[in-house]
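# Observations on the three-dimensional arrangement
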Amino acid sequence: MRTIRHVLLLLLLSSTPLLAQDVAPGAPAGPGSATARALTRLENDWARGLVARDTALFRRLLAPGFVYTEDAQMMSADDVVRGVVGSDRVSAARNEDMRVHDHGGTAVVTGILIVDGTGETGSFSHRYRFTDTWLRSRGRWRVIAAQDYLIPR
């Protein structure tokens, strides 16, 4: 009888870490998590902001010191805001395949941004693979770094 209790106690103690484990840091957050919902909404706001040319939105989303790279080009928050109202006109933008990788107060969102519009050379339809890094500070998420890569056709 005593041996059975010891075995059961050992089984219980050895399984406790497995029961207590949450998602590993950096693993994709479940789509229902508060972080995933918040950042998915903010990423979709970003896409809508491109169409609306909403510079106020981008000023709210971009953290001080924000840095953005696209292919070989590097830009600041001010450069990005200026680009939103540049010569290109975005008629549609949407995200696909987004995944939120939660690290607590920091999260990385990966996905594909599809942007349609017209520019100096005519109409365009671009697909970008993106990685955005978000920081939660004072109860609000702001993007601190973003990287886009134009997916070749």
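Please refer to the structure higher up on the page.
Residues numbered from 1 in each chain as written. Predicted model: local features only at pLDDT ≥ 70, side-chain atom pairs only at ≥ 80, totals over all residues. Heavy atoms only, no water.

### Topic: the overall build of the chain
For the record, the criterion: Only DSSP runs of H or I covering at least 4 residues are called helices, and only runs of E covering at least 2 are called strands; the numbering of each starts at the N terminus. When a residue's accessible area, from a 1.4 Å probe over protein chains only, is under 20% of the maximum for its type it is buried; when over 50% it is exposed; and in between it is partly exposed. Contacts between residues were defined by any pair of non-hydrogen atoms, one from each residue, lying within 4.5 Å.
Helices and strands together make up the secondary structure of the chain, namely four helices and six strands. The linear arrangement of helices and strands in the chain, starting from the amino end, is α-α-α-β-β-α-β-β-β-β. Per-residue burial for the chain yields a buried fraction of 33% across its 153 residues. By sequence separation, contacts in the chain at least 24 residues apart represent 53% of the contacts at least 6 residues apart.

### Some remarks on the packing of aromatic side chains
Keep this limit in mind: In this scheme Phe, Tyr and Trp rings, the latter by its six-membered ring, pair at centre separations within 6.5 Å, and the angle between planes marks the pair as stacked below 30 degrees, edge-to-face above 60, and tilted otherwise.
Inspection of the entire model under this criterion finds one aromatic pair. Ring geometry for tryptophan 46 versus phenylalanine 58: centroids 5.0 Å apart, planes at 75°, classification edge-to-face. Here the residue tryptophan 46 occupies a position in helix α2 (residues 34-52), and phenylalanine 58 occupies one in helix α3 (residues 55-61), the gap between them amounting to twelve residues. By relative accessible area, tryptophan 46 is classed as buried at 9%. You can call phenylalanine 58 buried: its relative accessible area is 0%.

### What to know about the sheet that holds strand β2 (residues 73-76)
Heads up, the rule is: Being paired, for any two strands, means DSSP has found at least two bridges between them. Only the stretch in contact is used when fitting a helix axis, every axis being a line fitted to C-alpha atoms; angles between N-to-C directions are given from 0 to 180 degrees.
Strand order in the open sheet made by the six strands is β2-β1-β6-β5-β4-β3, with mixed pairing throughout. Where the open sheet ends on each side, the last strands, each with one partner, are β2 and β3 (89-102). Ignoring strand direction, the axes of neighbouring strands in this sheet form an average angle of 20°. Inspection of the sheet shows strand β1 (residues 62-70) paired to strand β6 (residues 140-150) by five bridges, in the parallel sense. Within β6, the residue paired with threonine 69 across the bridge is glutamine 147. Running over the sheet, α2 touches β1, β3, β4 (106-119), β5 (122-137) and β6 and is turned about 165° from β3.

### Let's talk about empty space enclosed by the protein
Our working rule: Lining residues are defined by having an atom within 4 Å of a point belonging to a cavity or pocket. Those points lie on a 1 Å grid over the protein atoms alone, cavities being sets where a 1.4 Å probe fits but cannot get out and pockets being open sets with protein on both sides within 12 Å along at least five of seven lines. Grid points are joined across faces, edges and corners, and a volume is the space filled by probe spheres set on the points. All amino acids are sorted into three groups, where Ala, Val, Leu, Ile, Met, Phe, Trp, Tyr, Cys and Pro are nonpolar, Asp, Glu, Lys and Arg are charged, and the leftover types, Gly among them, are polar.
Counting across every chain of the model gives one cavity of 30 Å³ or more. Roughly 60 Å³ of internal volume is contained in the largest cavity. Around the largest cavity, the lining residues are Glu43, Trp46, Tyr68, Asn95, Leu113, Phe130, Asp132, Ala146 and Asp148. Listing elements by their share of the lining of the largest cavity, those giving two or more residues are α2, β5 and β6. For the lining of the largest cavity, the residue count by class is five nonpolar, one polar and three charged.

### Regarding helix α4 (residues 77-84)
In an α-helix there are 3.6 residues to a turn, and that puts residues three or four apart on one side. Threshold: What the arc describes is the spread of directions from the helix axis to the C-beta atoms.
The set of residues buried in α4 consists of Ala77, Val80, Val81 and Val84. Each buried residue of α4 lies within a common arc of 100° when the element is viewed along its axis, so the set occupies one face. In this structure, α4 carries Asp78, Arg82 and Gly83 as exposed residues pointing more than 90 degrees from its buried face. Tucked into the core, α4 has its buried residues touching α2, α3, β1 and β2.

### Details of the side chain of threonine 110
Within the fold, threonine 110 resides in strand β4. Residues within four places of threonine 110 in sequence aside, it is in contact with Asp97, Met98, Arg99, His101, Phe130 and Thr131.

### What about α2?
Stated formally: Each residue after the first adds 1.5 Å to the expected span of a helix.
With 19 residues, α2 extends 27 Å between its outermost C-alpha atoms, agreeing within 8% with the 27 Å of an ideal straight helix rising 1.5 Å per residue. Three or more residues of α2 are buried, namely Thr35, Ala36, Ala38, Leu39, Leu42, Glu43, Asp45, Trp46, Ala47, Gly49 and Leu50. Phi turns positive one or two residues past the end of α2, at arginine 53, with a value near 55°.

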